[in-house]
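Structural characterization, general
Listed below are the residues making up each chain.
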Amino acid sequence: MQLVTERLIIREFEQKDWQDVHLYASSPLVTTHMIWGPNTEEDTKAFMGKVIEMQGQQPRKEFEMAVVLKATKQIIGGIGLYISEPKQGEIGYCFNPEFWQQGYASEAAEAMLRFGFQAQGLHRIYATCRPDNIGSAKVMQKIGMTYEGRLREHMHHKGKWHDSLLHSILEQEFNRDERSQE
């Protein structure tokens, strides 16, 4: 599977990509708001093995993809779509901080929404972020997601309970936004 946008190629990860992923997955700055990390090399290699295993699922319900700059072929992050029933999915993304605040996360997330709604037939796609992850919340707003609320202390990781902000978009909302841009 591969998705192409104006500036990005969103493609399947390959095992050889682990070093590019490790550049951001090992960063305390990047993993501050994540439920994992910072990764050791072994953590990143194990993640890559799991991601490659996902590619063989039948039917496939988990998509974890590399986000690559078209111009340089450099991996700048990753984006995922996890499908659940009935016809719902969750997206998530993680980027190298060198590429933050340049619109890449929004561009990749919008492509993943299109894939979820058009290729996978989903009805609703949602995403969460920690309340102090302002950049991630802005991405969700920029791609047309609606803020649904705050999930209070629903996740326990790194030794404490965490809240999350929940955003979502429905198929008809995404299709309306797509039509208005034509």
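Note that the structure is predicted; figures quoted are calculated from it, not measured.

A closer look at the nonpolar core
Among the nonpolar cores identified, the biggest contains 36 residues, and Ile 79, Leu 81, Ile 91, Met 112, Leu 113, Ile 125 and Met 145 are the most heavily contacted of them. Only β2 (8-12), β3 (62-69), β4 (75-84), β5 (88-95), α4 (104-119), β6 (124-129), α5 (134-142) and β8 (160-170) provide two or more residues apiece to this core. Sort the elements by how many residues they give to this core and α4 lands first, with nine residues. In this structure Ile 125 touches Leu 81, Gly 89, Ile 91, Leu 113, Gly 116, Phe 117, Met 145, His 167, Ser 168 and Ile 169, once residues within four positions along its chain are discounted.

Overview of the side chain of Thr 5
When you line up the elements, Thr 5 lands in the loop between β1 (2-4) and β2. Classification of Thr 5 as buried rests on a relative accessible area of 12%. A distance of 2.5 Å separates polar atoms of two side chains, one belonging to Thr 5 and the other to Glu 107. Setting aside residues up to four positions removed in sequence, Thr 5 forms contacts with Lys 70, Glu 107 and Ala 111.

Parameters at a glance
- Residues numbered from 1 in each chain as written.
- Predicted model: local features only at pLDDT ≥ 70, side-chain atom pairs only at ≥ 80, totals over all residues.
- Heavy atoms only, no water.
- Core = buried A, V, L, I, M, F, W, Y, C linked by side-chain atoms within 4.5 Å.
- Buried < 20%, exposed > 50% of the residue type's maximum accessible area, 1.4 Å probe, protein only.
- Helix = DSSP H or I, 4+ residues; strand = E, 2+ residues; numbered from the N terminus.
- Contact = heavy atoms within 4.5 Å.
- Polar contact = N/O pair within 3.5 Å; in protein donor to acceptor, adjacent residues only side chain to side chain.

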